[in-house]
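Chain by chain, the residues run as shown.
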Amino acid sequence: MTDETFDTDLILAIFKLVWSRRAETSDEKDEAINVEVGASTSKKNRGTTANASSLKVSCELLRFFVTEAVQRAAILAEAEGSDKIEATHLERVLPQLLLDF
């Protein structure tokens, strides 16, 4: 049995969205502060990318995280006598899950 993982294109799209939002907020801060004098740095002009192996590892880490969250929420739901996992079950297990990861 093979475990399915997240699509690397989906994860890359999510990463790019986060990177672009961070770049926008950092540009706004730079405009407000304008501390840097002279030519712009090459780091500032470079786009952020991810190689194939880092995307695969990120997909696996996300798969493990989601699987663990669902398993812990299922245990909690079962202990409460429920046969369905609800959002409240996930909300209750996420703080400890985040500390464990």
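What counts as what
- Residues numbered from 1 in each chain as written.
- Predicted model: local features only at pLDDT ≥ 70, side-chain atom pairs only at ≥ 80, totals over all residues.
- Heavy atoms only, no water.
- UniProt positions renumbered as here; feature names shortened; annotations may be inferred.
- Helix = DSSP H or I, 4+ residues; strand = E, 2+ residues; numbered from the N terminus.
- Buried < 20%, exposed > 50% of the residue type's maximum accessible area, 1.4 Å probe, protein only.
- Contact = heavy atoms within 4.5 Å.
- Phe/Tyr/Trp six-rings, centres within 6.5 Å; stacked < 30°, edge-to-face > 60°.
- Patch = residues over 30% accessible without salt bridge, like charges linked within 9 Å, V, L, I, M, F, W, Y side chains within 5 Å.
- Areas by Shrake-Rupley, 256 points an atom, 1.4 Å probe, with all protein chains shown as cover.
- Salt bridge = Lys/Arg side-chain N within 4 Å of Asp/Glu carboxyl O.

Going by what an unreviewed UniProt entry lists, the chain is known as Centromere protein X isoform X1 and is assigned to Ananas comosus. Of the chain, the UniProt comment under Sequence similarities (unreviewed entry) reads exactly: "Belongs to the CENP-X/MHF2 family." Database annotation for the chain, UniProt heading Subcellular location (unreviewed entry): "Nucleus".

Colleague: Quick rundown of the overall build of the chain? Include the residues and the values.
Modeller: Assigned secondary structure in the chain consists of four helices and zero strands. Tracing the chain from N to C terminus, the helices and strands come up as α-α-α-α. Looking at the chain residue by residue over its 101 residues, the buried ones come to 12%. Contacts spanning at least 24 positions in sequence make up 67% of the contacts within the chain whose residues lie at least 6 apart.

Colleague: So what's going on with the packing of aromatic side chains? Which residues, and what values?
Modeller: Aromatic rings in a pair are described by how distant their centres are and how their planes are angled relative to each other. If you walk through the whole model with that rule in mind, you get two aromatic pairs. Judged by centre distance (5.8 Å) and plane angle (35 degrees), the rings of Phe-15 and Trp-19 are tilted. Highlighted residues: Phe-15 and Trp-19, both in helix α1 (residues 8-33), separated by four residues, approximately one helical turn. By relative accessible area, which is 24% here, Trp-19 ends up partly exposed. Here Phe-65 and Phe-101 contribute two aromatic rings whose centre-to-centre distance is 5.0 Å and whose plane-to-plane angle is 80 degrees, an arrangement assigned as edge-to-face. Residue Phe-65 is found in helix α3 (residues 52-79), and its partner Phe-101 is found in the segment after α4 (87-100); the two are separated by 36 residues along the sequence. Look at Phe-101 and you get partly exposed, because its relative accessible area is 49%.

Colleague: How would you sum up a nonpolar patch on the surface? Please name residues and give values.
Modeller: Together, Phe-6, Leu-10, Ile-14, Val-18, Leu-62, Val-66, Val-70, Ile-85, Leu-90, Leu-94 and Leu-98 make up an exposed nonpolar region whose accessible area comes to about 830 Å². Along the chain, Val-18 turns up in helix α1. Overall, the relative accessible area of 36% leaves Val-18 in the partly exposed class.

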